[in-house]
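Residues per chain, in single letters:
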Amino acid sequence: MRNRSFLDRGKRREAATRFFATIRFSSKGVVESLLGISLLWLFGCSVRTPSSGALESAPRKVPEVTATVIGAKQVVFDTRNSCEQVDIPDAPARAFRDDRGATHLIASHWVARAEVGPDLDHLQRDCHVIYRSPKDPDPAHFQDNNWLFSFYTEDGRRIAALVHSEFDGEEIPGMCATPKDTNNCWWNTVTFAQSLDSGHNFVVPRPPQNLVAALPYPYVMGNLASAYGYHGPTNILKNGSSYYALINDWPYKAQKFGACLIRTSDVFDPRSWRAWNGNDFTIRFADPYREQITKPEQYVCSPVLAGTAESLVRHSPTGIFLVTQYAPDGPFGPAGFYVQGSRDLVNWSHPTLILRVEDLRASDGPGQWTYEYGSLIDPFSDDRNYSNIGGTPYLYYVRMDGAHPPYSRILFRRQVELRLGN
């Protein structure tokens with residue numbers, strides 16, 4: 001990948017986050033979407049309760065969540081020790097235990113590697129590439145630049161993965177009409193990959209069998225609405241007999257901005273995922289390249305929380321679900337990492353600040369530091385997928401160096417104390 005293009009992607013990802021978190025232009029669609037988000041914030045991010053059978057339980061009342069940092073920062077991975085230049089943390093950290101008891105920690109790039117060891121406190125960088133993006137220039141194949149984002153395994157040998165799939169039109173000749181604004185050429189889908197050898201190699205089904213979620217609109221070379229599509233899936237979490245995840249989106253036509261809840265009974269069947277429509281899991285994602293879509297509004301999801309969800313875990317002592325997200329200055333408060341809670345995955349509390357960017361920069365000293373990709377992981381989790389956490393998990397996050405972009409990064413973690421109540 002060309003260095004300039006990669007640098008542009010890093011800058012535009014942050015710009016897109018800020019762009020859709022504040023009202024900066026008068027586009028009717030964006031203003032309406034952000035007005036809806038403001039109402040969610042105003043009323044505690046409360047939406048309708050699931051219909052009977054949608055979730056195992058669905059009380060309306062949202063929990064109170066507070067978080068305090070109780071530990072110093074620890075280096076998990078520094079790109080000065082990388083296997084090659086593009087070996088960088090470019091996604092929220094995820095972990096799972098394989099069938100031999102080894103822990104794999106992955107903070108993926110489009111060339112993906114893992115840190116492997118007996119537990120989260122004793123990891124070594126493994127230079128073996130577990131997945132490499134095909135860089136397929138056909139948007140109908142959904143596999144230009146792909147990031148392994150989410151993992152789930154029952155036995156530690158066969159592992160399902162949700163993939164953040166980018167079509168980066170500015171890197172493909174003739175596919176970007178606005179080269180000065182590459183956000184317009186950034187189209188996203190969520191796809192599927194799996195490992196059959198304990199996470200050492202991940203493979204993708206032949207397109208279009210790899211598709212999990214796409215907007216009912218194909219890539220538009222002349223798009224002027226900025227980045228669009230589903231992106232950045234959270235952890236996959238099993239609750240009862242079903243599997244859940246949150247996927248993110250930007251406002252585009254019929255799709256409103258926010259994190260959407262998806263569910264399946266089979267994590268190894270990419271087309272089985274269904275999205276929450278405000279009442280139940282009835283939304284099937286359409287393939288915009290192989291289906292005639294006359295009513296696109298029937299194939300978009302209803303966001304359940306404002307902002308961008310980065311990780312999804314369960315607090316074991318209470319059963320409360322927790323989501324983390326990074327937010328710039330805006331309606332939540334100061335720029336930083338936030339957490340919010342839910343008892344039913346649909347009704348979420350107002351975001352609570354975990355760690356301010358201002359405090360991070362003060363502790364890191366002089367530098368052009370930016371931060372992203374927060375996730376909660378507990379080294380003492382009783383779950384093979386580290387989906388469960390106790391009261392003192394670690395917040396994992398990535399620090400990026402603006403003075404030496406885009407390859408100078410560190411994956412840190414800090415221990416936090418959570419307090420959850422009614």
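Our structure's up above, just so we're on the same page.
Residues numbered from 1 in each chain as written. Predicted model: local features only at pLDDT ≥ 70, side-chain atom pairs only at ≥ 80, totals over all residues. Heavy atoms only, no water.

A separate point is the nonpolar core. The nonpolar side chains of a soluble globular protein tend to be buried, and buried together. With 35 residues, the main nonpolar core has Tyr230, Ile247, Val267 and Trp273 as its most contacted residues. Elements with a minimum of two residues in this core: strand 8 (159–168), strand 9 (186–195), strand 10 (211–213), strand 11 (228–231), strand 13 (242–249) and strand 14 (258–264). Leaving out residues up to four positions away in the same chain, Trp273 has contacts with Leu162, Val212, Ile236, Tyr243, Tyr244, Ala245, Ile262, Arg263, Thr264, Val267, Ile283 and Phe285. One finds Tyr326, Ala335, Ile354 and Tyr397 within the second-largest nonpolar core, a separate group that totals 24 residues. (Core = buried A, V, L, I, M, F, W, Y, C linked by side-chain atoms within 4.5 Å. Buried < 20%, exposed > 50% of the residue type's maximum accessible area, 1.4 Å probe, protein only. Helix = DSSP H or I, 4+ residues; strand = E, 2+ residues; numbered from the N terminus. Contact = heavy atoms within 4.5 Å.)

On to the environment of Asp197, then. Inspection of the secondary structure puts Asp197 in the loop between strand 9 and strand 10. The partly exposed category is assigned to Asp197, whose relative accessible area is 23%. Here the alpha-carbon distance between Asp197 and Ile159, two residues 38 residues apart in the chain, equals 8.3 Å.

This paragraph deals with the sheet that holds strand 3 (residues 94–97). As summarised here, the arrangement of the 4 strands in space is 3-4-5-6, forming an open sheet in which the pairing is antiparallel. Of all strands in the sheet, those bounded by a partner on one side alone are strand 3 and strand 6 (122–132). Sheet twist, expressed as the average angle between the axes of neighbouring strands with direction ignored, equals 30°. Here strand 4 (residues 103–106) pairs with strand 5 (residues 111–119) via 3 bridges, running antiparallel. From the neighbouring strand, Thr103 faces strand 5, where its bridge partner is Gly117. (Pairing = 2+ DSSP bridges. Axes fitted to C-alpha atoms, helices over the stretch in contact; angles between N-to-C directions.)

For the rest of this paragraph, the subject is unusual backbone geometry. One can expect most non-glycine residues to show negative phi and most peptide bonds to be in trans. At the junction of Pro207 and Pro208, the peptide bond is cis and its omega measures out at 10° in the coordinates. Along the chain, the position of Pro208 falls in the loop between strand 9 and strand 10. In this model, Pro405 is joined to Pro406 through a cis peptide bond whose omega is -5°. Within the secondary structure, Pro406 sits in the loop between strand 23 (394–401) and strand 24 (409–421).

One ladder, built from 3 bridges, connects strand 15 (residues 274–276) with strand 16 (residues 281–284); its direction is antiparallel. Considered in strand 16, the bridge of Arg274 is made with Arg284. The antiparallel hairpin formed by strand 15 and strand 16 contains 4 residues in its connecting segment, where Gly278 sits at a positive phi of about 105°.

Next up on the list: the state of the cysteines. Summed over the entire model, instances satisfying the criterion amount to 3 disulfides. Cys176 shares a disulfide with Cys185; S-S distance 2.1 Å. Torsion about the S-S bond of the Cys176 and Cys185 cystine: about 75°, corresponding to right-handed handedness. Covalent S-S linkage joins Cys260 and Cys301, the inter-sulfur distance amounting to 2.3 Å. Torsion about the S-S bond of the Cys260 and Cys301 cystine: about 80°, corresponding to right-handed handedness. You can see Cys260 sitting in strand 14 and its partner Cys301 sitting in the loop between strand 16 and strand 17 (311–315), a full 41 residues away along the chain. Cys301 shares its class with Cys260; the two are buried. What links to what in the protein chain: the bonded cysteines, counted in sequence order, pair as 1-2, 3-4, 5-6. (Disulfide = S-S within 2.5 Å.)

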